Each structure stands twice: as C-alpha cells, then as structure tokens.
Amino acid sequence: MVDLFLRLKENAVLLWYEKTTYCLLCGNVSEEPVCLICQQAYFFPNLPRCGSCGKILAETKTRCRNCETGKGPEGLDKVTCLGYYKGAWKELVQQIKYKGQPYLITSLAEVIIPWVIRWLPPPDAVVPVPMHPDRLAQRGFNQAEVLASIISRQLAIPYQNLLDRIKDTIPQTTLGRRQRLRNLRDAFSVKPGYSDLREIVWLVDDVVTTGSTLEECAGVLKKNGVKKVYAFCLGAGKEE
Ligand SMILES: [Zn+2]
Ligand SMILES: [Zn+2]
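Residues numbered from 1 in each chain as written. Chains lettered and ligands numbered in written order. Predicted model: local features only at pLDDT ≥ 70, side-chain atom pairs only at ≥ 80, totals over all residues. Heavy atoms only, no water.

An unreviewed UniProt entry lists the chain under the name Competence protein ComF, with Dehalobacter restrictus given as the organism.

Caption draft 1: Just the overall build of the chain, in detail. When its secondary structure is counted, the chain shows nine helices and six strands. Over its C-alpha atoms the chain spans a radius of gyration of 20 Å, differing by no more than 12% from the 18 Å that the globule rule assigns to 240 residues. Taken over the C-alpha atoms alone, the chain extends approximately 75 × 45 × 30 Å along its principal axes. Relative to its 240 residues, the chain shows a buried fraction of 48%. Contacts spanning at least 24 positions in sequence make up 70% of the contacts within the chain whose residues lie at least 6 apart. Counting every atom, the chain has about 12,900 Å² of accessible surface; 53% of that belongs to carbon and sulfur. Here the chain contributes 32 positively and 25 negatively charged side chains, and the mean placements of these two sets differ by 5 Å. (Helix = DSSP H or I, 4+ residues; strand = E, 2+ residues; numbered from the N terminus. Rg over C-alpha atoms; globule rule 2.2 N^0.38 Å. Buried < 20%, exposed > 50% of the residue type's maximum accessible area, 1.4 Å probe, protein only. Contact = heavy atoms within 4.5 Å. Areas by Shrake-Rupley, 256 points an atom, 1.4 Å probe, with all protein chains shown as cover. Lys, Arg positive; Asp, Glu negative; His and termini not counted. Charge placed at Lys NZ, Arg CZ, Asp CG, Glu CD.)

Caption draft 2: Layout of the packing of aromatic side chains. Inspection of the entire model under this criterion finds three aromatic pairs. Between W115 and W119 the ring centres are 5.7 Å apart and the planes differ by 45 degrees, which places this aromatic pair in the tilted class. Of this pair, W115 and W119 both sit in helix 5 (residues 103-119), separated by four residues, roughly a single helical turn. A relative accessible area of 23% means that W119 is categorised as partly exposed. The ring of W115 carries the charged tip of R118 above its face, separated from the ring centre by 5.7 Å. (Phe/Tyr/Trp six-rings, centres within 6.5 Å; stacked < 30°, edge-to-face > 60°. Lys NZ or Arg CZ within 6 Å of the ring centre and 35° of its normal.)

Caption draft 3: Seen up close, the environment of S152. One can find S152 in helix 7 (residues 143-155). On the basis of relative accessibility, which here comes to 9%, the residue S152 falls in the buried class. On a C-alpha basis, the gap between S152 and V126 in space is 6.1 Å, while along the polypeptide they are 26 residues apart. Apart from the residues lying within four places of it in its own chain, the contact partners of S152 are V126, I157, P158 and Y159.

Caption draft 4: Fine view of the pattern of salt bridges. The tally for this structure, following the rule as stated, stands at seven salt bridges. E239 is the partner of K61 in a salt bridge, and the nearest nitrogen-oxygen pair spans 3.2 Å. Of this pair, K61 sits in the loop between helix 2 (36-43) and helix 3 (65-68) while E239 sits in the segment after strand 6 (228-236), and the two are 178 residues apart along the sequence. Both residues of the pair, K61 and E239, count as buried. For K191, the salt bridge identified is with D164, shortest N-O distance 3.9 Å. Of the two residues, K191 sits in the loop between strand 4 (188-190) and strand 5 (200-207) while D164 sits in strand 3 (residues 163-165), which places them 27 residues apart along the sequence. (Salt bridge = Lys/Arg side-chain N within 4 Å of Asp/Glu carboxyl O.)

Caption draft 5: The coordination of the zinc ion (ligand 2), seen in detail. Protein-derived ligands of the zinc ion (ligand 2) are C50 (SG), C53 (SG), C64 (SG) and C67 (SG), with the metal-ligand distances lying across 2.2 to 2.4 Å. In terms of primary sequence, the donors binding the zinc ion (ligand 2) are separated according to C-x2-C-x10-C-x2-C. With C50 in the loop between helix 2 and helix 3 and C67 in helix 3, the pair connects residues that are 17 residues apart, well separated along the chain. No difference in accessibility class separates C50 from C67, as the two residues are buried. (Donors = N, O, S within 2.8 Å, 3.2 Å for Na, K, Ca; no water.)

Caption draft 6: Region of interest: the pairing of strand 1 (residues 78-84). Within strand 1, six of the seven residues are buried, which leaves it mostly tucked inside the rest of the structure. Taken together, the six bridges between strand 1 and strand 6 define a ladder with parallel strand orientation. Residue G83 lies in a different strand from strand 6, and its bridge partner there is G235. (Pairing = 2+ DSSP bridges.)

Caption draft 7: Quick look at the nonpolar core. Among the nonpolar cores identified, the biggest contains 38 residues, and L25, L82, W89, I112, I151 and F232 are the most heavily contacted of them. Counting only elements with at least two residues in this core, the list comes to helix 2, helix 4 (87-98), helix 5, helix 7, strand 5 and strand 6. Sort the elements by how many residues they give to this core and helix 5 lands first, with nine residues. Excluding residues within four positions of it along the chain, L82 makes contact with Y42, F43, R49, W89, V111, I112, W115, F232, C233 and L234. F44, C81, Y84 and C233 belong to the second-largest nonpolar core, a separate cluster that totals 29 residues. (Core = buried A, V, L, I, M, F, W, Y, C linked by side-chain atoms within 4.5 Å.)

Next up, the structure:
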C-alpha cells in the first residue's frame, strides 16, 4: 500500500513538476534555459557592449569603431544587447519571430532579467518598438511587445505601448545607414492619448543592426518629453 502511494506521488511529480530542463540553444541537459557553455559562446558575459549601438566589443572599450567616428545612432543614452546574433542564438530569435513561438521568450526571462538589471539604469516605463499594423496582422504578434511585457511584469515596471508605426518601411537589411534613416523618417509617432510621458524609459526590440530604428524611436520619445532612453535587444553584432 505504501509502495502504491509512493508510486502515485512519483507519477504526480513527473506529471506536474518537470525537473529536467534542456538548453534552448544546444539541447543538452541544463538547469538554466541557456547552458553555461552556450552563454559563453553567444552572450559573452565578460565583454562590453557599445553604449551607442549595442554591438558586442572585443576589447574594453565603450564605443565601437563605427560609433566612435560618428556613424552610429544618436539620441540613445545607452544600448545593451543580450547575445551575439549568429548561429543558434540567431536561429532561436528567428524561431520566436517567424515561427510564432513567442512563449520561448518566457523561458528566456531567467537570463534576460538579470542582464537588463545589470546593464541599464532603472526606468519609469518599458516601451516596445512597434510593428506596422499590416505586419502585425500577418504575424499575429509583435515579439518586441512580448519581450517588453515580460520584462515589465517580472520587474513590476509599468508597460507603455505608446509608439505607433505609421509608415510601413521596406526591410532595413537591404539599405545603407543614410537610406535607413530616410526610410524610417516619420515612421513612428506617439499614440494619441499619451501626453504625459515618463522621464526614463527602456526601449525594447528583438534585434539591433545599425540602431537606426532605435534611434528614430528615441527621437520621437525625446521630442515628447522623455529625458533618457535606454535600449535593450536580444541580439546584436560583434566587432571583430
Ligand atoms: Zn547549450
Ligand atoms: Zn556602436
């Protein structure tokens, strides 16, 4: 009889309390959503990020070469990214985005939250980079909104989805910096109804490439009274 109860309990534990977890990147058994080996390979916890564009830097610098020579984004008070947008990390971010698996961001909260707290000063609100309504209709969700709302919920910081994407821009990846900025001009605005913006915000997006999108959003926020704009992204490039 005791045996039976023990077996029932074991089964209940197996059913309801999943103990074994796997690394989302390599699939090996891991206590954390991303194992320590993958964290070293993609997150480079000991390398600095370019404060202007989020790029991972190889040396102890605070700006990448591009931003040092004035070719980077302006108007952002600090940018940090979690991982190197390559290999398994890039695949995972794309899986979240294009294969409709936003719940994977929830699994990553354990690594995202300590990172934002470590690298960005505390904000008054978390703001996602908006998606154009046509694209939102195609994809069904905005990964930046999912990411921002998870950060907001876990840290109990107000979530403000206060930007609108009013222009459906062509994909930025095909364009140079100047063209990107032209492409994005007047692409964003503050949603009607938001008049009193908070002083310090975290702007959240999935990936940063040149930083033009973040730059445009930061410009709109600052024009509307925000004093400091810090940005967080899941992925960025790495300076070699
Ligand atoms: Zn791994
Ligand atoms: Zn930079």
